[in-house]
Amino acid sequence: MKRMMMIGAVLVALAAPAMAQDVDTLSPEALLTLAQKEGKVTVYSFTSRIARVEKAFEEAYPGIDLIGFDMSSTEMITRLRTEAAAGITNADVVYVSDAPVVLSDLLETGLLKNYVPPRIADKLDTAFKSPLLAQRLSTKVLMYNEAAYPNGAPIKNLWDLTTPEWKGKVLMVDPLQRGDYLDLMTEFVLRSDEMAKAYEALFRKPIELDDGVETAGHQFIVDLFENDLVLLASTDDVNAAVGKLGQDQPPVGFTSYSDRRDNEDEGWALQVVNDVVPSNGIVFPALLALTADTKNPAASRLAIDFLMGDDSETGGPGYAPFYVAGDWPTRSDIKGHPDAIPLADFKAWRVDPAATATIRKSVGDLVLQLQ
Amino acid sequence: MIRVPPSPSGRGASALSDILMSTQSRNRSFKDAFLSPGLGLKAAVLVLLTALVAAPLLKVFGATLAPGAWSAWSDVLASNLSRNLFWLPLANTMILGAGVATGCVLVGGFLAWLVVMTDVPFRRTIGLLATLPFMIPSFATALAWGSLFRNARVGGQIGFLEGLGFSVPDWLAWGMVPTLVVLMAHYYSLAFTVIAAALATVNSDLVEAAQMTGAGRRRIFLGIVLPVALPALVAGASLTFAGAVSNFAAPALLGLPVRMQTLATRLYGMIEIGQAERGYVLAILLILVSAFFLWAGNRVISGRRSYATITGKGGRSKRFALGTARLPLFVAAASICVLTTVVPVVILIASSLAPSSSALFSDWSLHYWIGASDPAIARGQAGIWNNPLILSATGVTVGLGVTVAFSASLVGLLVAFVLARFRSGFLSAAINQISFLPLLVPGIAFGAAYVALLGAPIGPLPALYGTFLLLVIAATAYLVPFAVQTGRAVIQQVSGDLDESARMTGAGFLRRLFAITVPLAIRGLSAGALIVFVKIVRDLSLVVLLFTPTMPLLSVLAYRYASDGFTQFANALTVVVLVISVAATLFANRLQAKSQPWLQS
């Protein structure tokens, strides 16, 4: 009897990886049967929109409790590392930005694993399927108040932000508290050649670097801080400061293009600065992944499948919270939001996670030195 | 040591044994020193404190010495980063600490004097109000300040005052001044509690005797009141200093827009972005810097002789008559209390109802409290009453507060008792120092240290990260200094004579503890437990790293809402925290009513 049990245990252990393989290939319907037995799925999300996903998911799949938890990507990365060290797995699904750190610190260390729902695999570019699944593209770009500047953005060149006219009137979230903003700073450095050209275009002379400053990108960051850059705690603070209606000469700030969606509810007039050289900021992927030791393998995959949207043109209820002007779907069959500038016409730089990862820390040190 | 057998002849024998004891102690031999009365007890307490407090801190220190982490020391202390990473934050931290300590002792001492020793009207009310600000989380006060004074520096979102048409200068809206004021408004009640407890023990017989023999007020103050209150003044100053230098929320909310950094905000920022080693180095430096001030404060207290002034004291019959100053002093006290309690609370409540912070009293809505999820408002966040996470967070928070109030008070009582009875010796000094350490460690660093210590399995023990037990252990360790400090001022004044006599008659340690020390010190102990409960219920910095989604806490949820820009939800949750804290205080006051002779007229 005892031996039988042992053999049984060995068989189950051997079968486990094979079963995991199988789960990856299951259809949503097959996943649902298994997921309803699991009963719940916990999602760590870098956006508060997870609250709406939770509601939609539980309506679509009764009997499975989606527990959404909202935290910044930076904090999530720290938390996932800590939980892994303690040997506990609270989250099943991770919805996160800050790809440079996620890929190097979470995926390569084996804390996360990739899952591409087979239903939509052929509707995604390879770049959006590997190394991790990208659900949409998000932004950190320069925004202005279109009610206060009805004739278009007051900024035509990023170097305008370093002139006396904009002293104390450029806002962003502290790059040391939100990784996406550090990625933005890093991008300025990676695009130093473009920054140098833009400088020459505005001031009609080649850029001269301060002592100890390595590139035009570094110089831009230095000049931005010397021009009394205002650092706030959250993007919504930036949104309110920049976008609030009824302001005379309001500031500009780096925030998410998609936050325009709140203009009506919040009484803002946020608009993106797109007619600007060399760029208005960065476009980066919002990643979806499974935690390596998820206890709800079917429900977690079903949640990712749901977040990737259904087969309608707008992605249906799972994608609805993200079907807004300013977020671009990665799925080729979901149409971009009609009110948004198409991605092809959008000025922002596409982040290269690997390149960013190499110099991110040194840029962080520069920001630290300037604060 | 010698043991004197119980003697029927009472006082005489006791006095004799006192003499014998003191002679004996002067001639104490080497062997006696090792077999000194408290050795077993002291060793046990030291082991307990070491496990609770020293182990996580040593772990943090060790983490900065690991290969590859070394460079964090030079980054912080000697690189082109150190000015911003260490020196400027250090300067701001010291200004905050000194300013807040001074202000708190002045304000807290003033109110304590009024309530305990004078005939100011509405003493009870003032006494109650003066203990309330400590229950308002400092981030709530900071948010309330922002709602009032926020100016156009960050554009759109102007505060209520600018909404009314006043122009608020930058120095009043952001940076050092508002941070100082908010922290003083938060911590002065701590100084008040400690000083009032000490003033209440001033023996009125002594005061009356002095008055009858013609001593003036000044003489009585300097000769009787001040000596009794001095340990409390120093304790109040050191507690508020430590609180101010390790506070995170107020400088983060009010300083960041003008890039004013303190060591605490710096170290939080470093840990949050994954540069833990630099954060740990900053934590260690912060500990070293503040340790100096606490060491100095401690010298003032422990360098003095004992304060055995109450054993069974005479009731208070006379209060200082304020005469014509009665009304102006009352108005001053009442203004302080109202501005630090009622006003922030009103702003909190109003802004949990008002859709816009610049018009706090318009368009009120209960959506943020009881509304169902509405995609058009706050990204579909349901009102806090409809959020199961918040309901479970309430249970966890209260459970944690109660558990830690007991556990910390117990540890605090042990430590205070040992320190009061066995002052000399290496072990006592070590106990004293270790029990104060958590005061110097910003909660966030302490939390990180506990994650480092218990975040991975130790031998056969499983990792405690994510468990209620971890929260209890870390919070107990973190709050022991408060239990010790508040209990200590009182326990020191429980006369050693009674304890000695009991010991002479053969009473064991526990018997003496519960038959003599506890009954005499119960007021201080319940005050300590109360402070611990309230502190943990509204604590943010300690638990923010220990917190996991499966073990939610109200303060962390409130902070999350605030940092996500959902001010109304944050303030609604803060109001819940307030209601719990205030209810606890009122309940405790009711329990204590019979033992508050200083409030009886």
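The model shown is predicted, which means the values in this text are computed figures rather than measured ones.

Analysis parameters
- Residues numbered from 1 in each chain as written.
- Chains lettered and ligands numbered in written order.
- Predicted model: local features only at pLDDT ≥ 70, side-chain atom pairs only at ≥ 80, totals over all residues.
- Heavy atoms only, no water.
- Helix = DSSP H or I, 4+ residues; strand = E, 2+ residues; numbered from the N terminus.
- Rg over C-alpha atoms; globule rule 2.2 N^0.38 Å.
- Contact = heavy atoms within 4.5 Å.
- Areas by Shrake-Rupley, 256 points an atom, 1.4 Å probe, with all protein chains shown as cover.
- Lys, Arg positive; Asp, Glu negative; His and termini not counted.
- Charge placed at Lys NZ, Arg CZ, Asp CG, Glu CD.
- Buried < 20%, exposed > 50% of the residue type's maximum accessible area, 1.4 Å probe, protein only.
- Phe/Tyr/Trp six-rings, centres within 6.5 Å; stacked < 30°, edge-to-face > 60°.
- Lys NZ or Arg CZ within 6 Å of the ring centre and 35° of its normal.
- Pairing = 2+ DSSP bridges.
- Right-handed = clockwise from strand over helix to strand, strands pointing away.
- Axes fitted to C-alpha atoms, helices over the stretch in contact; angles between N-to-C directions.
- Parallel < 35°, antiparallel > 145°, perpendicular 65-115°, else oblique.
- Left-handed = near helix turned anticlockwise from the far one by under 90°.
- Buried area = accessible area lost by both parts, 1.4 Å probe.
- Salt bridge = Lys/Arg side-chain N within 4 Å of Asp/Glu carboxyl O.
- Polar contact = N/O pair within 3.5 Å; in protein donor to acceptor, adjacent residues only side chain to side chain.
- Nonpolar A, V, L, I, M, F, W, Y, C, P; charged D, E, K, R; others polar.
- Patch = residues over 30% accessible without salt bridge, like charges linked within 9 Å, V, L, I, M, F, W, Y side chains within 5 Å.
- Domains from an automatic or database assignment.
- Core = buried A, V, L, I, M, F, W, Y, C linked by side-chain atoms within 4.5 Å.
- 1 Å grid on protein atoms, 1.4 Å probe; cavity = no way out; pocket = protein on both sides within 12 Å on 5 of 7 lines; lining within 4 Å.
- Points joined across faces, edges and corners; volume = space filled by probe spheres on them.

(A) Main features of the overall build of chain A. In terms of regular secondary structure, chain A is built from 13 helices and twelve strands. Taken against the 2.2 N^0.38 rule, which gives 21 Å for 371 residues, the C-alpha radius of gyration of chain A at 23 Å falls within 12% of a compact globule. The long-range fraction of contacts in chain A, counting pairs at least 24 apart against all pairs at least 6 apart in sequence, stands at 77%. Surface accessibility of chain A: about 14700 Å² in total, with carbon and sulfur atoms responsible for 54%. Side chains of chain A give 34 positive and 54 negative charges; the mean places of these two sets differ by 5 Å.

(B) Geometry of the environment of B:Ile384. All names here are of chain B. Relative to the elements of secondary structure, Ile 384 occurs in the loop between helix H17 (367–370) and helix H18 (388–421). Ile 384 sits in the buried class, given a relative accessible area of 1%. A sequence separation of 170 residues divides Ile 384 from Leu 554, and the C-alpha atoms of the two residues are 11 Å apart. Once you skip the residues sitting within four places of it in the chain, Ile 384 turns out to touch Tyr 368, Trp 369, Ile 390, Phe 569, Ala 572, Leu 573 and Val 576.

(C) Quick peek at the packing of aromatic side chains. For the structure shown, the criterion picks out 25 aromatic pairs over all chains. Ring geometry for A:Tyr319 against A:Phe322: centres 6.1 Å apart, planes inclined by 55°, an arrangement best described as tilted. Taking relative accessible area as the criterion, A:Phe322 reaches 0% and is therefore assigned buried. When the ring of B:Phe446 is compared with that of B:Tyr478, the centres are 5.6 Å apart and the planes differ by 40°; the resulting orientation is tilted. Here B:Tyr478 lies in helix H21 (residues 468–491) and B:Phe446 lies in helix H20 (residues 443–454), a separation of 32 residues in the sequence. B:Tyr478 shares its class with B:Phe446; the two are buried. Members of the aromatic cluster, connected to one another through ring pairs, are A:Trp159, A:Phe188, A:Tyr199, A:Phe203, A:Phe220, A:Phe254 and A:Trp349. Sitting over the ring of A:Trp166, A:Lys169 keeps its end group 5.5 Å from the ring centre. For the cation-ring pair, A:Arg301 lies above A:Tyr115, with the distance from its terminal atom to the ring centre recorded as 5.4 Å.

(D) Inspection of the pairing of strand S1 (residues 40–45) of chain A at higher detail. Residues and elements named next belong to chain A. Burial analysis of S1 places five of its six residues in the buried class, the great majority of the element. One ladder, built from six bridges, connects S1 with strand S2 (residues 65–70); its direction is parallel. If you follow Val 43 over to S2, its bridge partner there is Gly 68. Handedness of the S1-helix H3 (residues 50–60)-S2 crossover: right-handed. Direction of pairing for S1 relative to strand S3 (residues 93–96): parallel, over a ladder of three bridges. Each bridged residue has a counterpart across the sheet, and for Tyr 44 the counterpart in S3 is Val 94.

(E) How the structure looks around the packing of helix H5 (residues 82–117) of chain B against helix H16 (residues 326–351) of chain B. All names here are of chain B. The N-to-C vectors of H5 and H16 enclose an angle of 125°; their axes lie 11 Å apart at closest approach. By the angle class used here, H5 and H16 are oblique. The two elements H5 and H16 meet at a crossing, and its hand is left-handed. Taken together, the residues of H16 that come into contact with H5 (itself represented by Val 107, Phe 110, Leu 111, Trp 113 and Leu 114) are Leu 329, Ala 332, Ala 333, Ile 336 and Cys 337.

(F) Here's a closer look at the packing of helix H3 (residues 39–65) of chain B against H18(B). All names here are of chain B. Packing of H3 against H18 brings their axes to within 10 Å, and their N-to-C directions diverge by 135°. By the angle class used here, H3 and H18 are oblique. As for the relative orientation of H3 and H18, their crossing is left-handed in sense. When H3 is examined against H18, the residues Leu 41, Lys 42, Val 45, Leu 48 and Leu 49 are found in contact with a partner set consisting of Val 411, Leu 414, Val 415, Phe 417 and Val 418.

(G) How the structure looks around the interface of chain A and chain B. Chain A puts 51 residues into the contact, and the matching count from chain B is 49 residues. Buried area between chain A and chain B, both sides added, is near 4200 Å², and the carbon and sulfur share of it is 50%. Its largest share of buried area at the contact with chain B, chain A owes to A:Phe69, A:Arg79 and A:Leu368, together 14% of the area lost on that side. At the junction of chain A and chain B, the tally comes to one salt bridge. For the pair chain A and chain B, the number of links is four residue pairs in polar contact (both at pLDDT 80 or more). Secondary structure elements with two or more residues in the side of chain A that touches chain B: H3, S2, helix H4 (73–85), strand S7 (230–232), helix H9 (235–243) and helix H13 (353–370) of chain A. By residue number, the principal contributor to the side of chain A that touches chain B is H4(A), which donates eight residues. Each residue belonging to the side of chain A that touches chain B can be placed in one class, and the counts come to 20 nonpolar, eleven polar and 20 charged.

(H) Region of interest: a nonpolar patch on the surface. Residues and elements named next belong to chain B. Together, Val 338, Val 342, Val 346, Phe 361 and Trp 364 make up a nonpolar patch on the protein surface, roughly 440 Å² of accessible area in all. With respect to the helices and strands, Val 346 occurs in helix H16. Here Val 346 falls in the partly exposed class, since its relative accessible area comes to 39%.

(I) Quick look at the domain arrangement of chain A. Residue and element names in this part refer to chain A. We note that the domain assignment places domain 1 (27–137 + 284–340) and domain 2 (138–283 + 348–370) within chain A. Measuring from the centre of the C-alpha atoms in domain 1 to the corresponding centre in domain 2 gives 29 Å. Summed over both sides, the interface between domain 1 and domain 2 buries roughly 1600 Å², with carbon and sulfur atoms accounting for 61% of that surface. The salt bridge involving Asp 98 is made with Arg 360; its shortest N-O contact spans 3.2 Å. Run the count over domain 1 and domain 2 and you get five residue pairs in polar contact (both at pLDDT 80 or more). Of all the secondary structure elements, the ones that give two or more residues to the side of domain 1 that touches domain 2 are helix H5 (99–107) and strand S5 (133–145). Of the residues forming the side of domain 1 that touches domain 2, the biggest block, four residues, is contributed by H5. When grouped by side-chain class, the residues that make up the side of domain 1 that touches domain 2 number eleven nonpolar, four polar and five charged.

(J) Quick look at the side chain of A:Asp180. Residue and element names in this part refer to chain A. Here Asp 180 lies in helix H6 (residues 179–190). Buried and unpaired, Asp 180 has Lys 140 as its nearest opposite-charge partner, separated by 4.6 Å. Filtering out sequence-adjacent residues up to four positions away, Asp 180 remains in contact with Ser 97, Asp 98, Lys 140, Ile 282 and Phe 284.

(K) Examining the nonpolar core more closely. Membership of the largest hydrophobic core comes to 300 residues, with the highest contact counts inside it found for A:Leu161, A:Phe188, A:Phe254 and B:Tyr450. Residues contacting A:Leu161, with those up to four places away along its chain left out, are A:Leu142, A:Ile155, A:Trp166, A:Val170, A:Phe220, A:Leu224, A:Asn227, A:Val252 and A:Phe254. Core analysis: the second largest hydrophobic core is formed by five residues, B:Leu413, B:Phe417, B:Leu513 and B:Val518 among them.

(L) Here's a closer look at the environment of A:Ile155. Residues and elements named next belong to chain A. Summarising the element assignment, Ile 155 is placed in the loop between S5 and strand S6 (170–173). In this structure Ile 155 comes out as buried when scored by relative accessible area, which is 0%. Sequence spacing of Ile 155 and Pro 285 is 130 residues, and the spatial spacing of their C-alpha atoms is 26 Å. Dropping the residues within four chain positions of it, Ile 155 is found in contact with Leu 142, Asp 160, Leu 161, Trp 166, Val 252, Val 273, Asp 275 and Val 276.

(M) Spatial organisation of empty space enclosed by the protein. Residue and element names in this part refer to chain B. For the coordinates displayed, the defined rule picks out five cavities of 30 Å³ or more. By volume, the largest cavity is sized at about 290 Å³. Along the walls of the largest cavity sit 22 residues, with Tyr 187, Asn 247, Lys 535, Asp 539 and Ser 541 positioned nearest its centre. Sorting the residues of the lining of the largest cavity by element identifies helix H7 (138–149), helix H10 (176–199), helix H12 (217–246), helix H19 (426–440) and H21 as the ones contributing at least two each. Of all the elements, H12 adds the most residues to the lining of the largest cavity, at four residues. In terms of residue class, the lining of the largest cavity is made up of twelve nonpolar, seven polar and three charged.

(N) Summary view of unusual backbone geometry. All names here are of chain A. Of note, the amide linkage connecting Ser 130 to Pro 131 takes the cis form, showing an omega dihedral of 0°. Topologically, Pro 131 is positioned in the loop between strand S4 (112–113) and S5. Not every positive phi belongs to a glycine, and Asp 98 is a case in point at roughly 55°. Along the chain, Asp 98 falls in the loop between S3 and H5. Classification of Asp 98 as buried rests on a relative accessible area of 2%.

(O) Examining the pattern of salt bridges more closely. All names here are of chain A. Using the criterion set out here, one finds 22 salt bridges over all chains in the structure. Ionic pairing is found between Asp 305 and Arg 119, a salt bridge with its closest N-O pair at 3.0 Å. Of this pair, Asp 305 sits in helix H11 (residues 297–307) while Arg 119 is found in the loop between S4 and S5, placing the two residues 186 residues apart along the sequence. Judged by relative accessible area, Arg 119 falls into the partly exposed class, the value being 23%. Residue Lys 335 pairs with Glu 313 through a salt bridge whose shortest N-O separation is 2.9 Å. Pair noted here: Lys 335 is in the loop between strand S11 (328–329) and strand S12 (349–350) and Glu 313 is in the loop between H11 and helix H12 (316–319), with a separation of 22 residues, a long-range link. Among the ionic contacts, a cluster of salt bridges with common partners joins Arg 119, Lys 123, Asp 305, Asp 311, Arg 331 and Asp 333.

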